[in-house]
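Now for the letters of each chain:
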Amino acid sequence: GTATPIDYRIQVVTSTSVPTALTLGSLVSSGISRLGEQDVYTFNATTVGQRLYFDSRIGNNNFTARLVSPSGVSVWNSNTTTDSAPIVLLETGEHRLIIDGLGDTTGSYSFQLNNLASATSLPLSTTINISLSASETRLYSLNGTAGQR
């Protein structure tokens with residue numbers, strides 16, 4: 001303790017915006033514009049074991065992305081500059097993806113939350129020519145059998 005008075009300011013702010021419906025595979029571009037803001041996106045998972053992939057397009061080390069199950073369990077979290085490994089959903093129902101600025105961080109972010117079941121099938125021995133924009137990820141799947149070479 002100290003006998004010297006300390007000046008301070010305090011401001012109470014709401015921390016969560018109204019949830020926004022998220023379509024898996026759609027590009028989301030938005031931002032945190034004020035202190036304490038959290039952007040919440042919701043989607044409905046209909047299958048246990050569904051696999052997702054978080055593709056960071058414009059990230060910020062001071063923003064976190066957190067996926068929360070219908071029962072409130074944190075399924076995955078990371079900063080928004082990092083793409084994810086496959087995320088496996090263990091529950092059906094409404095999941096929430098929360099983007100949160102650490103402390104007083106504000107700024108822009110962009111991402112896609114992809115359903116890995118929607119990956120483009122890549123035929124064997126076929127050349128694919130594409131162009132990727134900055135930070136874009138393309139998902140492909142291969143069909144094969146065990147031991148196939």
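Residues numbered from 1 in each chain as written. Predicted model: local features only at pLDDT ≥ 70, side-chain atom pairs only at ≥ 80, totals over all residues. Heavy atoms only, no water.

A few words now on the overall build of the protein chain. Along the backbone of the protein chain there are 0 helices and 11 strands. Starting at the N terminus, the α and β elements of the protein chain follow one another as β-β-β-β-β-β-β-β-β-β-β. For the protein chain, the C-alpha radius of gyration of 20 Å lies well beyond 15 Å, the compact-globule estimate for 149 residues. Across its three principal axes, the protein chain shows a C-alpha extent of roughly 75 × 35 × 30 Å. (Helix = DSSP H or I, 4+ residues; strand = E, 2+ residues; numbered from the N terminus. Rg over C-alpha atoms; globule rule 2.2 N^0.38 Å.)

With that settled, the discussion passes to the sheet that holds strand 9 (residues 107-115). Strand order in the open sheet made by the 4 strands is 2-9-4-7, with antiparallel pairing throughout. Each of the sheet's edge strands pairs with one partner strand only, and the pair in question is strand 2 (27-32) and strand 7 (87-88). (Pairing = 2+ DSSP bridges.)

Here the focus is a nonpolar patch on the surface. Side chains of Ile-128, Ile-130, Leu-132 and Tyr-140 sit close together on the surface and give an oily, nonpolar patch of about 340 Å² of accessible area. Structurally, Ile-130 can be placed in the loop between strand 10 (120-121) and strand 11 (140-141). (Patch = residues over 30% accessible without salt bridge, like charges linked within 9 Å, V, L, I, M, F, W, Y side chains within 5 Å. Areas by Shrake-Rupley, 256 points an atom, 1.4 Å probe, with all protein chains shown as cover. Salt bridge = Lys/Arg side-chain N within 4 Å of Asp/Glu carboxyl O.)

Turning next to the sheet that holds strand 8 (residues 93-101). Sheet strands associate in pairs through backbone hydrogen bonding, adopting either a parallel or an antiparallel arrangement. Read from one edge to the other, the open sheet built from 5 strands follows the order 1-3-8-5-6, with strand pairing classed as mixed. Only two strands of the sheet have a single partner each, and these edge strands are strand 1 (20-21) and strand 6 (74-79).

The next point concerns the packing of aromatic side chains. Using the criterion set out here, one finds 5 aromatic pairs in the structure. Seen from their ring centres, Tyr-41 and Phe-111 are 5.6 Å apart, and the 80° between their planes marks the pair as edge-to-face. Here Tyr-41 is found in strand 3 (residues 38-45), whereas its partner Phe-111 is found in strand 9, with 70 residues between them in sequence. For the pair Phe-54 and Phe-111, a centre-to-centre distance of 5.3 Å together with 20° between the ring planes defines the contact as stacked. Here Phe-54 is found in strand 4 (residues 51-58), whereas its partner Phe-111 is found in strand 9, with 57 residues between them in sequence. (Phe/Tyr/Trp six-rings, centres within 6.5 Å; stacked < 30°, edge-to-face > 60°.)

Time to look at the pairing of strand 8. Where a strand is regular, its side chains alternate between the two sheet faces. Bridge analysis of strand 3 against strand 8 gives 8 bridges, and the strand direction is antiparallel. From the neighbouring strand, Val-40 faces strand 8, where its bridge partner is Ile-98. Note that strand 5 (residues 63-68) and strand 8 share 6 bridges and pair antiparallel. Residue pairing for strand 8: Arg-66 is matched across the bridge by Ile-98.

Here the focus is the pairing of strand 6. As judged from the 5 bridges shared by strand 5 and strand 6, these two strands associate in the antiparallel manner. When the bridges of strand 6 are listed, Arg-66 appears paired with Asn-77. Count of turn residues in the strand 5/strand 6 antiparallel hairpin: 5 residues, of which Gly-72 carries a positive phi of about 95°.

This brings us to the environment of Thr-20. If you trace the backbone, Thr-20 turns up in strand 1. C-alpha of Thr-20 to C-alpha of Ser-108: the two residues are 88 residues apart in sequence and 17 Å apart in space. Excluding residues that lie within four positions of it along the chain, Thr-20 makes contacts with Val-40, Tyr-41 and Thr-42. (Contact = heavy atoms within 4.5 Å.)

Take the pattern of salt bridges next. Tallying each qualifying case throughout the model produces 1 salt bridge. In this structure, the salt-bridge partner of Asp-55 is Arg-57, at a minimum N-O distance of 3.0 Å. Taking the relative accessible area as the measure of exposure, Arg-57 reaches 16% and is therefore buried. (Buried < 20%, exposed > 50% of the residue type's maximum accessible area, 1.4 Å probe, protein only.)

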